[in-house]
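Residue-level structural notes
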Amino acid sequence: MTDMITADLVDLDLSAGTKEAAARNLAARMAALGRVTDLEGFLDDVAAREAQMPTGLDGGIGIPHCRSAHVTEPTLAFGRSAAGIDFGAPDGPADLVFLIAAPAGADDAHLTILSALARRLMDPGFTAALRATADPEAAARLIGGQETPPAPVPDPAPAAGASSAAGEAGADESAGARPEDTATAPAAASAGAAAGSTAPGNPAEAAGPADGAESAEEPGRGTTGAVRPFRIVAVTSCPTGIAHTYMAAESLENAGREAGVEVVVETQGSAGFTRLDPAVIAAADGVILAHDLPVRERERFAGKPTVDVGVKAGISRPAELVAEVRRKAESDGTPAGTGAPAPATASASGGTPVERAGEAGEGYGTKLRKWLMSGVSYMVPFVAAGGLLIALGFALGGYEVKAAPSVLDHFMWSQRAGWGALLFQIGGFAFGFLVPVLAGYIAYGMADRPGLVPGFVGGMIASATGAGFLGGLAAGLIAGGVVLTVQRVRIPPALRGIMPVVVIPLISSAITGFLMLVVIGKPIASAQKAMTDWLNGLTGTNAVLLGALLGLMMCFDLGGPVNKVAYTVGTAGIAVADPSDSAMKIMAAVMAAGMVPPLAMALATTVRGRLFTPTERENGKAAWVLGASFITEGAIPFAAADPLRVIPSSMVGGAVTGALSMSFGATLRAPHGGVFVVPLIGNPFLYLLAVLAGVCVTTGLVILLKGLRTPAPGDSGTSGAGPAETASEQRQPVAA
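Quick caveat: nothing in here was measured; it's all calculated off a predicted structure. For every chain, the first residue of its written sequence is number 1, and the numbers climb from 1 along that sequence. Since the coordinates come from a predicted model, pLDDT governs what is reported: local features require at least 70, and pairs of side-chain atoms require 80 or more to be given and counted, while whole-chain, interface and lining totals use all residues. With hydrogens and water set aside, each side-chain value is computed from the structure's full complement of heavy atoms.

Considering the overall build of the chain
Cut-off, in case you're wondering: A run of H or I in DSSP becomes a helix once it reaches four residues, and a run of E becomes a strand once it reaches two; helices and strands are each numbered from the N terminus. Any residue under 20% of the maximum accessible area for its type is buried, any over 50% is exposed, and the rest in between are partly exposed; the area is computed with a 1.4 Å probe on protein chains only. Here a residue-residue contact requires only that any non-hydrogen atoms of the pair lie within 4.5 Å. Working definition of accessibility: Shrake-Rupley area with a 1.4 Å probe, residue cover restricted to the visible protein chains.
Per the secondary structure count, the chain includes 26 helices and twelve strands. Across the 736 residues in the chain, those meeting the buried criterion constitute 52%. Of all intrachain contacts in the chain linking residues separated by at least 6 positions in sequence, the fraction that spans at least 24 positions is 72%. Carbon together with sulfur atoms contributes 63% to the accessible area of the chain, which is approximately 30,100 Å² in total.

Shown next, in the form of structure tokens:
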């Protein structure tokens with residue numbers, strides 16, 4: 001690690017007042033050494049990572065970090081602040097700041113070294129030595145691993161374990177040590193011998209930590225001296241996989257040693273991951289998942305008592321997590337030391353596919369939205385593929401292909417109409433999956449794989465009864481709820497093996513089918529028909545207002561849930577063999593409005609480039625293609641950097657385009673494609689005029705609003721120790 005940090009990258013008197021200023025100060029040192037090629041671009045990447053999750057840790061540590069294309073080699077910069085800087089840690093400001101910069105294509109070896117640093121940050125002796133040193137060279141050697149912090153001085157007094165590990169017993173306050181350091185110091189003594197080890201040890205060795213450790217071993221369970229310690233397997237991961245991933249692993253291992261528990265951690269970081277031995281997982285009594293990304297191959301841990309939290313919880317409260325998983329194992333009746341699986345309940349599985357990526361403590365409304373978006377996200381590819389195939393069929397064979405006989409019976413190889421009929425019929429088959437896929441993956445988002453069978457069955461029934469998309473939504477929610485209810489029923493151990501294969505699919509499909517066929521299928525079908533008739537009957541002002549509303553929704557969150565609702569309204573109308581003229585007008589308005597934000601941002605960066613950062617101007621070039629392809633997400637980088645100006649401007653332009661498209665009577669049979677499906681659009685020139693009008697409106701508003709803002713004092717783009725909020729070329733902060 002010696003080549004990653006030098007004395008020139010150390011600032012022991014960091015005077016920055018905010019995390020942005022601290023990152024700028026340390027990044028400027030990297031840029032001065034040629035390790036960062038574009039200071040502003042790199043700081044944008046740091047801010048984007050910070051917006052995902054605060055990088056402050058308990059114990060006075062801040063670790064802003066990112067992987068960036070503007071970094072030439074893996075680099076560390078260290079700053080020490082006397083006043084402290086707020087990095088969002090629960091216990092207050094950070095006085096030790098580590099800026100970690102990794103190239104976008106960093107190799108495994110460098111990432112492994114960075115990970116080793118992340119683990120060392122959990123050692124109170126290491127942090128105490130950094131707080132005590134007055135020499136930048138010494139700090140660089142300490143961080144680079146050329147020097148080791150002084151070993152803690154043994155003290156026979158009971159409180160000795162709480163002293164600082166800087167070799168200065170009783171001098172915590174004078175050395176600047178924080179209370180959190182002293183609180184975690186007992187784990188440091190054993191951490192030195194076993195730091196970084198994730199392999200399971202010999203059970204006999206693991207069972208004998210110390211004489212005093214015997215009292216921590218399975219109270220109420222260890223009836224004989226032969227009972228081995230409680231075993232936990234854990235997985236840690238964070239968005240970048242550099243720092244939090246490995247710090248959480250180190251904290252959990254230390255907490256396990258302190259509690260007399262055997263903890264084996266799988267780190268799913270940027271350098272990849274080495275899978276835990278299946279035998280280790282089978283022998284485990286509980287599972288801790290500390291992650292901010294979906295756990296890879298999560299099914300390996302199914303059926304065991306599980307604690308599922310964010311990665312920062314693994315760093316800040318590892319002892320609580322160890323205690324919690326032991327309590328869960330006791331309540332589930334898992335015999336200590338046997339590694340026996342617990343009942344396959346929803347709590348034991350640690351959450352559903354949607355919940356794994358969510359935050360702990362989310363309300364039901366948030367979960368419901370995610371369940372519905374899970375179904376929509378899986379349905380959209382079927383909509384796009386089927387709709388484009390049908391549209392291409394019309395383009396080749398005309399609208400007469402709707403009446404063509406099945407290509408199974410009659411296919412004309414040499415005629416365009418034959419190929420048009422082929423594409424039309426393939427698209428029709430793809431559309432036949434829309435409602436079943438929607439229902440199946442809503443249930444999957446709620447109950448994982450057991451929800452797929454009843455969800456698809458309920459979706460097929462919704463299609464057959466004419467309940468359509470409303471029926472698919474209801475079927476998915478019913479199927480997921482039934483599966484979750486069945487999973488909560490305690491069953492004999494002998495039946496657990498057949499539950500996911502036979503019992504759950506059988507019972508949940510029967511209940512879902514009964515409710516859809518007998519109870520709610522027909523009422524939902526009537527509601528679906530009434531809604532379709534209402535949309536088909538919209539004319540004049542009502543149609544224009546609907547177009548404006550859909551345009552507002554498409555541009556509100558640029559590909560988020562509200563955008564997806566508007567898109568689903570559009571695709572639902574054309575997802576039939578013979579869509580109405582009104583349905584095709586709605587689809588045209590939806591796609592036209594969705595093209596506006598990225599095209600407008602591209603145009604704005606072209607005509608008023610000085611109002612945007614270099615990174616935004618580069619993003620503007622890509623936004624031309626993204627907008628023309630109907631990828632609304634191309635405007636997200638601009639909205640993240642300046643939401644109060646970009647999003648309202650985009651919504652106004654989208655509303656103008658949606659309203660004009662409806663008033664012009666433009667129609668669209670394809671659910672996607674942007675300018676590439678213009679030949680399939682009814683009234684194509686007026687359609688493009690509507691898009692152009694919205695783009696011009698949004699561009700004008702963005703330029704106007706950005707031009708009115710007052711530049712921050714000292715907004716010179718220098719990298720000195722100016723105010724934290726300043727940035728060159730009037731750069732806006734990334735929204736959290």
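From this point, the discussion proceeds with the structure in view.
As for the nonpolar core
To keep things clear, this is the line we draw: Among the buried residues, those of types Ala, Val, Leu, Ile, Met, Phe, Trp, Tyr and Cys that are joined through side-chain atoms within 4.5 Å form a nonpolar core.
Ranked by size, the top nonpolar core spans 86 residues in total, and within it Tyr 567, Met 591, Leu 668 and Tyr 687 carry the most contacts. Here the element with the most residues in this core is helix H22 (residues 581-607); it accounts for 17 residues. Apart from residues lying up to four places away in sequence, Met 591 is in contact with Phe 630, Leu 668, His 672, Gly 673, Gly 674, Val 677, Ile 681 and Tyr 687. Leu 43, Ala 77, Ile 85 and Ala 139 belong to the second-largest nonpolar core, a separate cluster that totals 50 residues.

What to know about the packing of aromatic side chains
Rules: Ring geometry is summarised as follows: Phe, Tyr and Trp rings, the Trp one being its six-membered ring, pair when their centres sit within 6.5 Å, and such pairs are stacked at plane angles under 30 degrees, edge-to-face over 60 and tilted between the two.
Taken as a whole and judged by the stated rule, the model has eleven aromatic pairs. Measuring from ring centre to ring centre gives 5.6 Å for Tyr 441 and Tyr 444, while their planes differ by 75 degrees; the resulting arrangement is edge-to-face. Here Tyr 441 pairs with Tyr 444, and both are found in helix H16 (residues 434-447), just three residues apart, close to one helical turn. Among the aromatic residues, those joined into a cluster by ring pairs are Tyr 378, Tyr 441, Tyr 444 and Phe 456.

A look at helix H15 (residues 416-431)
Filter applied, for reference: Given the number of residues in a helix, its expected span is that number minus one, multiplied by 1.5 Å.
Here H15 contains 16 residues, and its C-alpha end-to-end distance of 22 Å stays within 8% of the 22 Å for a straight helix at 1.5 Å per residue. Within the sequence span of H15, burial applies to Gly 418, Gly 420, Ala 421, Leu 422, Phe 424, Gln 425, Gly 427, Ala 430 and Phe 431.

Observations concerning the pairing of strand E7 (residues 231-237)
Spelled out, the test is: Pairing between strands is defined by DSSP: at least two bridges between the two strands are required.
Of all seven residues in E7, seven are buried, a share of seventy percent or more. Because side chains alternate across E7, one face comprises the buried residues Arg 231, Val 233, Val 235 and Ser 237, and the other comprises Ile 232, Ala 234 and Thr 236, equally buried. Two elements, E7 and strand E8 (residues 262-267), share six bridges in a ladder whose sense is parallel. Across the sheet, the residue bridging to Val 235 is Glu 266, located in E8.

A short note on the confidence of the model for the chain
Note the threshold: You can read pLDDT as the predictor saying how much it trusts each residue, on a scale of 0 to 100.
On average, residues of the chain score 77 in pLDDT, and 76% of them reach the 70 mark or higher. Contacts of residues 712-736 to residues separated by more than four positions or lying in other chains number 57 contacts, the stretch itself having pLDDT below 50.

A look at the environment of Val 383
Tracing the backbone shows Val 383 in helix H14 (residues 364-397). Among the residues examined, Val 383 registers a relative accessible area of 1% and is labelled buried.

Section: the pattern of salt bridges
For clarity, the threshold we go by: We define a salt bridge as a contact between a side-chain nitrogen of Lys or Arg and a carboxyl oxygen of Asp or Glu at a distance within 4 Å.
Following the criterion strictly, the structure yields 14 salt bridges and no others. We note a salt bridge from Arg 131 to Asp 95, for which the minimum N-O separation is 2.7 Å. Taken together, the residues Arg 131 in helix H4 (residues 124-132) and Asp 95 in strand E6 (residues 94-103) connect sequence positions 36 residues apart. Each member of the pair, Arg 131 together with Asp 95, is buried. Residue Arg 645 is joined to Asp 642 by a salt bridge in which the shortest nitrogen-to-oxygen separation is 3.0 Å. Grouping residues by exposure puts Arg 645 and Asp 642 together as buried. Within this structure, Glu 266, Arg 275, Glu 297 and Arg 300 form a network of salt bridges that share partners.

Considering the pairing of strand E5 (residues 75-85)
Counting buried residues along E5, nine of its eleven residues qualify, which places the element largely inside the surrounding structure. Across two bridges, strand E1 (residues 10-11) lies against E5 in parallel orientation. Of the residues in E5, the one forming a bridge with Val 10 is Phe 78. Inspection of the sheet shows E5 paired to E6 by seven bridges, in the antiparallel sense.

With respect to the packing of H16 against helix H18 (residues 468-487)
The line we're drawing: Whenever a helix is involved, its axis is fitted only over the stretch in contact; in every case the axis is a line through C-alpha atoms, and angles between N-to-C directions fall within 0 to 180 degrees. The labels follow the angle: roughly parallel below 35 degrees, roughly antiparallel above 145, roughly perpendicular from 65 to 115, and oblique for the rest. Take the far helix as your reference; a near helix turned counterclockwise from it by less than a right angle gives a left-handed crossing, and one turned clockwise gives a right-handed crossing. When residues are grouped by polarity, Ala, Val, Leu, Ile, Met, Phe, Trp, Tyr, Cys and Pro land in nonpolar, Asp, Glu, Lys and Arg in charged, and all others, Gly among them, in polar.
Following both chains from N to C, one finds H16 and H18 inclined at 30 degrees, their axes separated by 8 Å at the closest point. Our classification of the angle between H16 and H18 gives roughly parallel. The two elements H16 and H18 cross, and the hand of that crossing is right-handed. Split by residue class, the contact of H16 with H18 holds 15 nonpolar, six polar and no charged.

A closer look at the sheet that holds strand E10 (residues 306-309)
The strand order E8-E7-E9-E10 describes an open sheet built from four strands, whose pairing is parallel. Looking at the sheet topology across the chains shown, the edges are occupied by E8 and E10. Each neighbouring strand pair of the sheet contributes to a mean axis angle of 15 degrees, computed without reference to strand direction. Bridge count between E7 and strand E9 (residues 286-291): six bridges; the pairing is parallel. Across the sheet, the residue bridging to Val 235 is Leu 289, located in E9. Along the sheet, helix H9 (residues 244-259) makes contact with E7, E8 and E9, crossing E8 at roughly 175 degrees.

Quick word on helix H25 (residues 643-664)
Each α-helix winds once per 3.6 residues, and so residues spaced three or four apart point in a common direction. For H25, built from 22 residues, the straight-helix expectation of 32 Å at 1.5 Å per residue is met to within 8% by its first-to-last C-alpha distance of 31 Å. Elements that come into contact with the buried residues of H25 comprise helix H20 (540-556), H22, helix H24 (636-641) and helix H26 (684-708). Where H25 ends, the next residue or the one after it, Gly 665, has phi of about 75 degrees, a positive value.

Observations regarding the packing of H16 against helix H17 (residues 452-465)
Running from N to C, H16 and H17 cross one another at 150 degrees; their axes reach a closest spacing of 7 Å. In terms of orientation, H16 and H17 fall into the roughly antiparallel class. As for the relative orientation of H16 and H17, their crossing is right-handed in sense. Contact residues: Val 435, Pro 436, Val 437, Ala 439, Gly 440, Tyr 441, Ala 443 and Tyr 444 in H16; Leu 452, Gly 455, Phe 456, Gly 459, Met 460, Ala 462 and Ser 463 in H17. Residues that form the contact of H16 with H17 fall into these classes: eleven nonpolar, four polar and no charged.

A closer look at unusual backbone geometry
You will see that Asp 448, though not glycine, has its phi angle at about 65 degrees, which is positive. Structurally, the position occupied by Asp 448 is in the loop between H16 and H17. Of note in this structure, Phe 630 is not a glycine but carries a positive phi near 65 degrees. Note that Phe 630 resides in the loop between helix H23 (614-628) and H24. Phe 630 sits in the buried class, given a relative accessible area of 5%.

Points about the environment of Thr 512
You can see Thr 512 is positioned in helix H19 (residues 499-536). A relative accessible area of 0% means that Thr 512 is categorised as buried. Considered as a pair, Thr 512 and Gly 458 are 54 residues apart in the sequence and their alpha carbons are 6.0 Å apart. Setting aside chain neighbours within four positions, we find Thr 512 in contact with Pro 454, Gly 458, Ala 475, Ile 478, Ala 479 and Val 482.

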